[in-house]
Amino acid sequence: MFLPTALLLLGTTNAKAQEEKVETTIAADIVSQYIWRGLDAGDVSLQPTLGIGYKGLSLTAWGSIGLSNPQDTKEFDLTLAYTNGGFNVGVNDYWFNEGLDPDNHYFKYDAHGTNHVFEAFVGYDFGFASLQWFTNFAGNDGENKDGKRAYSSYFEANIPFNLAGVSWTATAGAVPYATSFYDTTGFAVTNLSLKAEKEIRITDTFSIPIFGQVTGNPCSRKAYLVFGFTLQP
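Residues numbered from 1 in each chain as written. Predicted model: local features only at pLDDT ≥ 70, side-chain atom pairs only at ≥ 80, totals over all residues. Heavy atoms only, no water.

### As for the overall build of the chain
Next, step 1: From N to C terminus, the chain includes two helices and 14 strands.
Next, step 2: In terms of overall dimensions, the chain is globule-like: its C-alpha atoms have a radius of gyration of 17 Å, near the 17 Å expected for 233 residues.
Next, step 3: Expressed along its principal axes, the backbone C-alpha trace of the chain runs to roughly 55 × 40 × 35 Å.
Next, step 4: When the 233 residues of the chain are sorted by exposure, 45% land in the buried category.
Next, step 5: Of all intrachain contacts in the chain linking residues separated by at least 6 positions in sequence, the fraction that spans at least 24 positions is 45%.
Next, step 6: Summed over its atoms, the accessible surface of the chain is roughly 12,200 Å², and 63% of this surface lies on carbon and sulfur atoms.
Next, step 7: Separation between the mean location of the 14 positive side-chain charges and that of the 24 negative ones in the chain comes to 4 Å. (Helix = DSSP H or I, 4+ residues; strand = E, 2+ residues; numbered from the N terminus. Rg over C-alpha atoms; globule rule 2.2 N^0.38 Å. Buried < 20%, exposed > 50% of the residue type's maximum accessible area, 1.4 Å probe, protein only. Contact = heavy atoms within 4.5 Å. Areas by Shrake-Rupley, 256 points an atom, 1.4 Å probe, with all protein chains shown as cover. Lys, Arg positive; Asp, Glu negative; His and termini not counted. Charge placed at Lys NZ, Arg CZ, Asp CG, Glu CD.)

Structure, rendered in structure tokens:
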């Protein structure tokens, strides 16, 4: 489940993605807590990213493993995305070491026995704001009130701005209908976040991006404060 940092690597560098040359991303985040769309997904975590892009098309691998709590769910995601101007569309393949398959086999894709979740997304970046919609279409999705596949969905709006020399992003996200995947019984606002990012210069040629984020989940009535930093060449 991609953090905003990983999504930014995919979607917001539109000019770079449209260049003729192949672009490669190698990075790793270390976060004090893994919060995803307003949900608590783990404690202190290492989250590496490896991606390649060409003319707006990108393939990215992303993972998460707990550092402070070895019992945290391990995760390995693949994303195939296409960006053209402000428009983006793609597919996420989430895999977890917990799910329907007790043996945790990565290459098991049975509809009722896999640990994969397949999600499609589409969005548009207007510059002053961006909108994004996500829907699970296969794999280990949640169930609705009738016990059937929920096609669990989530949508969010992001507004970036600069203040006091720091880059900020305000996010509002919601689940439109009932699903056990997000533990909602109907329409629910699950993610109200404010994130600040700044680069700390170490030498003339090396700097470390750091970020802090406050997240509230009105649905679960929980709140989180996260700190993290990114290592990349």
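### Some thoughts on the pattern of salt bridges
Side chains that differ in sign of charge can pair as their charged atoms come close.
Next, step 1: Under the defined criterion, the tally for this structure stands at three salt bridges.
Next, step 2: The salt bridge partner of Asp101 is Lys108, with a shortest N-O separation of 3.9 Å.
Next, step 3: When the shortest N-O distance is used, the salt bridge between Arg149 and Asp141 registers 3.8 Å.
Next, step 4: Since its relative accessible area comes to 27%, Arg149 is described here as partly exposed.
Next, step 5: Residue Asp141 is classed as buried on the basis of its relative accessible area of 11%. (Salt bridge = Lys/Arg side-chain N within 4 Å of Asp/Glu carboxyl O.)

### Focus: the environment of Phe211
Next, step 1: Mapped onto the elements, Phe211 comes out in strand 13 (residues 207-217).
Next, step 2: For Phe211, a relative accessible area of 7% puts it in the buried group.
Next, step 3: Considered as a pair, Phe211 and Phe76 are 135 residues apart in the sequence and their alpha carbons are 23 Å apart.

### Some details on the packing of aromatic side chains
Next, step 1: Summed over all chains, the structure comprises 19 aromatic pairs.
Next, step 2: Members of the aromatic cluster, connected to one another through ring pairs, are Trp36, Tyr94, Phe96, Phe121, Phe134, Tyr154, Phe181 and Tyr182.
Next, step 3: The ring of Tyr151 has Arg149 sitting right over it, with the charged end atom 5.8 Å from the ring centre.
Next, step 4: Geometry around Phe211 places Lys195 over its ring, the cationic atom sitting 4.6 Å from the centre. (Phe/Tyr/Trp six-rings, centres within 6.5 Å; stacked < 30°, edge-to-face > 60°. Lys NZ or Arg CZ within 6 Å of the ring centre and 35° of its normal.)

### Quick word on the confidence of the model for the chain
Next, step 1: With 92% of its residues at a pLDDT of 70 or more, the chain shows a mean pLDDT of 92.
Next, step 2: Between residues 3-18, whose pLDDT stays under 50, and residues either more than four places distant or in other chains, the model counts 36 contacts. (pLDDT = per-residue confidence, 0-100.)

### Quick word on the side chain of Ser64
Next, step 1: Mapped onto the elements of the fold, Ser64 is located in strand 5 (residues 57-66).
Next, step 2: According to the relative accessible area criterion, Ser64 is buried, its value standing at 5%.
Next, step 3: Residues within four places of Ser64 in sequence aside, it is in contact with Tyr34, Ser45, Leu46, Gln47, Thr73, Lys74 and Glu75.

### Some thoughts on the sheet that holds strand 12 (residues 188-201)
Next, step 1: Pairing is antiparallel around the closed barrel formed by twelve strands, whose spatial order is 1-4-5-6-7-8-9-10-11-12-13-14. Here the average twist between neighbouring strands, direction ignored, is 20 degrees. (Pairing = 2+ DSSP bridges. Axes fitted to C-alpha atoms, helices over the stretch in contact; angles between N-to-C directions.)

### Quick notes on the environment of Val214
Next, step 1: Turning to its location among the elements, Val214 is positioned in strand 13.
Next, step 2: Accessibility expressed as a relative area gives 48% for Val214, which makes it partly exposed.

### Remarks on the nonpolar core
Next, step 1: Within the largest apolar cluster, 13 residues are counted, with the highest numbers of intra-cluster contacts made by Trp36, Tyr94, Val117, Tyr154, Phe181 and Tyr182.
Next, step 2: Those elements that place two or more of their residues in this core are strand 2 (34-36), strand 7 (87-96) and strand 8 (116-125).
Next, step 3: Sequence-distant contacts of Tyr154, defined by excluding residues within four places in its chain, comprise Arg37, Gln132, Trp133, Phe134, Gly173, Ala174, Val175, Pro176, Tyr182, Thr190 and Asn191.
Next, step 4: Core analysis: the next-biggest nonpolar cluster, separate from the first, contains five residues, Ile35, Phe211, Tyr224 and Val226 among them. (Core = buried A, V, L, I, M, F, W, Y, C linked by side-chain atoms within 4.5 Å.)

### Overview of unusual backbone geometry
Next, step 1: One non-glycine residue, Arg37, lies in positive phi territory at about 55 degrees.
Next, step 2: Residue placement: Arg37 occurs in the loop between strand 2 and strand 3 (39-42).
Next, step 3: Its identity is not glycine, yet Asp183 carries a phi of approximately 60 degrees, on the positive side.
Next, step 4: Inspection of the secondary structure puts Asp183 in the loop between strand 11 (166-175) and strand 12.
Next, step 5: We classify Asp183 as exposed; its relative accessible area is 65%.

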